[in-house]
Amino acid sequence: MPHLEIRNLHVRADEKEILRGVDLTVGKGEIHALMGPNGSGKSTLANVIMGHPGLDVTEGQIIFEGQDITEAAVDERARMGLFMAFQYPVAIPGVTVTKYLRTVMNAHRIARGEAEISLKDFRQTVEAAMALTDVPREFSTRYLNDGFSGGEKKRMEILQMALQKPSMAILDETDSGLDIDALQVVANGVNHVAGPEMGILIITHYQRILHLVEPGFVHVLYQGRIVKQGGPELVTLLEEKGYGWIKDEVEAAAA
Amino acid sequence: MATEAPLLATRRKRATALASSLTLPDARTPGWEFTDVKGLDLANFGPSPDGQASMRERATAIFEPQDGARQIDQIDGLTVTDGVQPTPGQPLVMSLAKAAELFPELVEPHLGSIVASEDVFVANNEAAFTAGAFIYVPRNQSLDVPVLLTVIQAATAAALNWRLLIVLEEGAQAEVWEQYLSVDPESAGLFNTIVEIVVGPGANLRYVCGQSLSEKSWIFGTQRAEVQRDGNLDWVALGLGSAGGKVRMETKLAGAGSSAKVTGAYTGHGRQHLDFDTTQEHAAPNTVSDLAFRGLLNERSTAVWRGMIRVEPGAQQTDAFQECRNLLLSKRAHADSIPGLEIEANDVRCTHAAAIAQIDPEQLFYLASRGLPEAMAKRLVIEGFLQELVERFPEGPIHAALSTALERQLNTVLGV
Ligand SMILES: Nc1ncnc2c1ncn2[C@@H]1O[C@H](COP(=O)(O)OP(=O)(O)OP(=O)(O)O)[C@@H](O)[C@H]1O
Ligand SMILES: [Mg+2]
C-alpha cells in the first residue's frame with residue numbers, strides 16, 4: 001500500500017490554478033526528491049498536503065495511509081503522522097520554545113488518550129533532540145522563531161520533526177540558506193528519523209542535500225505538473241543542464 | 001460624617017457647588033469622541049450604602065495579598081483598616097478621612113494639588129468620596145511590605161467615589177497595589193476614582209491598579225502622578241471589567257532625571273467598552289517615560305487608547321516612548337489607538353507605535369500543522385501576545401500577578 005498518494009490534484013489559490021493535475025506516490029521507507037523551477041508549485045503542493053486553508057482543491061485526492069484526507073482538518077493530519085517543515089517558518093512572539101514544544105507534545109498525547117508528559121521526560125526528550133539538531137539550550141527560553149536566523153529556523157523545524165516522529169515528512173527547502181555544517185546537521189536529523197516505516201519528500205533546488213540524504217526517486221514539477229520522474233541520476237542532469245531542456249520538452253509535447 | 005476634618009469639609013462644599021454647575025461630556029467634548037456616555041444618568045446612582053465586611057469574601061479578587069501586606073478594604077461605604085496604629089514619623093497606611101483629621105499638615109499640601117482638573121466626575125468625587133486611603137512614606141524610609149487596597153462595590157445602582165493619595169517624600173520607597181471589584185456580576189454601579197501620587201526627589205514607587213468591576217458598571221477615573229527630581233515610578237494598570245467609562249492615567253515628570261514606566265493591559269468581550277487616556281508629560285530635562293499597553297478584544301467589545309506625549313520647553317534630553325497594541329479576536333470587535341506628540345523642546349527622542357491586528361492565519365496554520373487544535377493554537381498566540389507585555393517585568397511578584405490575572409481573564413474573554 002502506498003503511504004502517501006496524490007491523485008490528479010488540481011489546486012487553486014485566489015482563483016489562480018497553481019497545481020494542474022499532480023500525481024505522486026511515496027511508499028513506506030522511501031525517500032523522494034521534488035525539484036522544479038521557482039514558482040512551479042512545490043510549496044503549494046506541500047501546503048495542500050498539509051491542508052492550508054487558503055488553497056482550494058478543485059479536483060483530485062490526497063490519500064494518506066489509505067484514508068482520503070483531502071478535506072481533513074490540518075491538526076488531524078498532523079496527529080495522523082504527517083509533518084511539513086516550512087520553507088518560511090512562522091514566528092510566535094511571546095511563546096517560548098519550551099512552552100510551545102510542551103503544548104504540542106501534550107496535544108498529541110491527549111489526542112492519543114495519554115497523560116501529559118512529565119517535566120523530567122520532557123526535558124530529557126527535548127535535550128536529546130536539541131543535541132541531535134545542534135540547537136543551543138538557550139533557545140528553550142527564546143520565543144519560537146522570533147528573531148531566529150534562517151538557518152536556526154530550519155534546525156528548529158528538524159528538531160520538531162525529530163520530536164514528533166512523523167510517518168511522513170515533507171521538507172520544503174529545509175536545505176536552503178544553510179552553511180555546510182548546518183546542512184550536515186539537517187541531513188543527520190533526517191537520516192535519524194528515516195526508517196522502513198517512514199516516507200520522506202524533500203523539496204530542494206540543490207544536489208548537496210541529496211548526496212547526504214539519498215533519494216531513490218526524483219520528480220520534477222513544472223507549471224503545476226510533474227513533468228519528469230526518475231532516479232538519482234536526474235538530479236545530476238538537472239544540475240548540469242538546468243530546467244531549459246525540460247521547458248523545451250514540455251512545449252514540444254504541447255505543440 | 002459629623003466629625004469630618006475641616007480640611008475635607010471645605011473642599012466638599014466647594015466641589016458640591018461646582019458639580020451642580022457642570023454637565024456630562026458628550027461626543028464633542030475633547031477626549032470623549034470615542035466614549036459615549038449618553039446612557040449615563042448620574043441621578044440613577046445614589047450614595048453608597050453602609051457596607052458589610054462579609055462581602056469582602058464574595059468579590060473575586062484580581063490580586064491576593066502578599067505576605068505581610070498592609071491592607072485597607074473599602075466595601076461600599078465601609079472602611080476596614082488593618083488595625084495598625086498610625087505613628088507619626090513612620091510610614092502611614094490609613095484612611096484618608098482619618099489622616100485629614102490626624103495629620104492635616106501631611107494631607108493638605110497634596111490633596112487636590114495633583115488632580116486639579118474640574119470635570120463633573122472629579123467634582124462629584126471630591127464632593128462625595130468615601131473615607132479613601134492615604135499612603136505616606138517619610139523621607140528616606142521605605143514601606144518594607146507591599147500595600148493592598150481592595151475597593152469593592154457590593155450595592156447596585158449606587159455610586160462609589162474612591163480616592164487615594166500616595167505621598168513619598170525624598171528618597172522614600174513603597175509598593176502599592178489596588179483593586180476595584182464588584183460582588184455581583186449583574187450589578188450596575190458607578191465607580192468613580194481619583195488617585196493622586198507624589199513621588200518625591202529620588203523616591204521610588206511601584207503602583208499597580210486593577211479593575212474587574214461588573215460588566216454592567218461604569219468606571220470613571222482620573223489618576224495622576226507627579227515625579228520629582230530623580231524619582232522613579234513604575235505604574236501598572238489592568239482594565240478587565242466594567243461596561244463603559246473612561247480612565248485617565250497621567251504622569252508628569254516634574255523634576256530633572258525622573259522616570260516613569262507605565263504598563264497597561266485591558267481585555268473586553270460581550271459589549272464592553274474600555275477607554276484609557278494616558279499622558280506622559282515631560283516638564284524637566286533628562287526625563288524618561290516608557291509606556292506600553294496591550295488590549296485583547298473579543299465579540300463586540302471596543303476600546304480606545306489615546307496617548308499623549310507632551311514635552312515642555314526646556315525639557316531637553318527627554319526620552320519618551322509609547323506603544324499600544326491590540327489583538328482583535330472577532331470581526332465585530334473594534335479598537336482605536338491614537339498616539340499623540342506635542343513637543344516644544346528640540347533635543348528629544350520620542351517614539352510611538354500603535355497596532356491593531358487579528359491573529360495571523362499563517363500562525364494558526366503553522367501551529368495546526370504541528371497538531372494543535374484550533375482553539376489551542378489561538379490560545380497560544382494570544383498568550384504570547386500578552387506574555388510580551390508581562391515580560392516587561394523580571395520574574396517576581398508583578399510578573400507572577402500579571403500572568404495569573406491575565407491567564408484567568410483569558411478564560412472569561414474566550415468564554416471557556
Ligand atoms: N495565495 C496565492 N495567491 C496567488 N498566487 C499564489 C498564491 N500562493 C502561491 N501562488 C503562486 O503560485 C505559484 C507557485 O508558488 P509556490 O510557492 O508553490 O512555488 P515554489 O515552487 O515553491 O517556488 P520556490 O522555488 O520559489 O519556493 C507562484 O507563481 C506563486 O506566486
Ligand atoms: Mg517554495
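Keep in mind that what you see is a predicted model, and the values were worked out from it rather than measured. (Residues numbered from 1 in each chain as written. Chains lettered and ligands numbered in written order. Predicted model: local features only at pLDDT ≥ 70, side-chain atom pairs only at ≥ 80, totals over all residues. Heavy atoms only, no water.)

Asker: Quick rundown of the side chain of B:Glu250? Include the residues and the values.
Answerer: Position of B:Glu250 among the secondary structure elements: in strand E13 (residues 244-253). We classify B:Glu250 as buried; its relative accessible area is 17%. (Helix = DSSP H or I, 4+ residues; strand = E, 2+ residues; numbered from the N terminus. Buried < 20%, exposed > 50% of the residue type's maximum accessible area, 1.4 Å probe, protein only.)

Asker: Now, about unusual backbone geometry: what can you tell me, with residues and values included?
Answerer: All names here are of chain B. The backbone of Ser242 shows a phi angle near 80°, a positive value even though the residue is not glycine. Summarising the element assignment, Ser242 is placed in the loop between strand E12 (232-239) and E13. Since its relative accessible area comes to 1%, Ser242 is described here as buried. Its identity as a non-glycine residue notwithstanding, Glu299 has a phi of 50°, on the positive side. Position of Glu299 among the secondary structure elements: in the loop between strand E16 (288-297) and strand E17 (302-311).

Asker: How would you explain the coordination of the magnesium ion (ligand 2) if you had to name every residue and give the values?
Answerer: Residues and elements named next belong to chain A. Within the protein, Ser43 (OG) and Gln87 (OE1) serve as the donor atoms for the magnesium ion (ligand 2), at 2.0 to 2.2 Å. Of this pair, Ser43 sits in helix H1 (residues 42-50) while Gln87 sits in the loop between strand E6 (82-85) and strand E7 (92-96); the two residues are 44 residues apart in sequence, bridging distant segments of the chain. The class of Ser43 is partly exposed, set by a relative accessible area of 22%. (Donors = N, O, S within 2.8 Å, 3.2 Å for Na, K, Ca; no water.)

Asker: Outline the sheet that holds strand E11 (residues 217-222) of chain A, listing residues and values.
Answerer: Strand pairing in a sheet is mediated by backbone hydrogen bonds. Such pairs are either parallel or antiparallel. All names here are of chain A. Ordered in space as E6-E9-E10-E3-E11-E12, the six strands form an open sheet in which the pairing is mixed. The open sheet is flanked by E6 and strand E12 (225-230), the only strands paired with a single partner. Shown here is a sheet whose adjacent strand axes are inclined to one another by a mean of 20°, direction ignored. Strand contacts of helix H5 (residues 150-164): E6 and strand E9 (168-172), with the helix running at about 170° to E6, the strand carrying the most contacts. (Pairing = 2+ DSSP bridges. Axes fitted to C-alpha atoms, helices over the stretch in contact; angles between N-to-C directions. Contact = heavy atoms within 4.5 Å.)

Asker: Could you give me a rundown of the environment of B:Trp305, with the residues and numbers involved?
Answerer: Residue and element names in this part refer to chain B. Its place among the elements puts Trp305 in strand E17. Sequence separation between Trp305 and Ala354 is 49 residues; the distance between their C-alpha atoms is 9.5 Å. Residues contacting Trp305, with those up to four places away along its chain left out, are Tyr266, Phe276, Thr278, Leu291, Phe293, Gln322, Cys324, Asp336, Ser337, Ile338 and Pro339. There is a polar contact of 3.2 Å between the side chain of Trp305 and the side chain of Thr278. (Polar contact = N/O pair within 3.5 Å; in protein donor to acceptor, adjacent residues only side chain to side chain.)

Asker: So what's going on with the sheet that holds strand E4 (residues 56-64) of chain A? Which residues, and what values?
Answerer: Residues and elements named next belong to chain A. An order of E2-E1-E4-E5 is seen for the four strands of this open sheet, with the pairing classed as antiparallel. Strands at the two margins of the open sheet, each flanked by one partner only, are strand E2 (16-26) and strand E5 (67-68). Bridge analysis of strand E1 (residues 4-13) against E2 gives eight bridges, and the strand direction is antiparallel. Looking across to E2, one finds that Val11 is bridged to Leu19. Here H1 sits on the sheet and contacts E1, E2 and E4; the angle it forms with E1, its principal contact strand, is near 110°.

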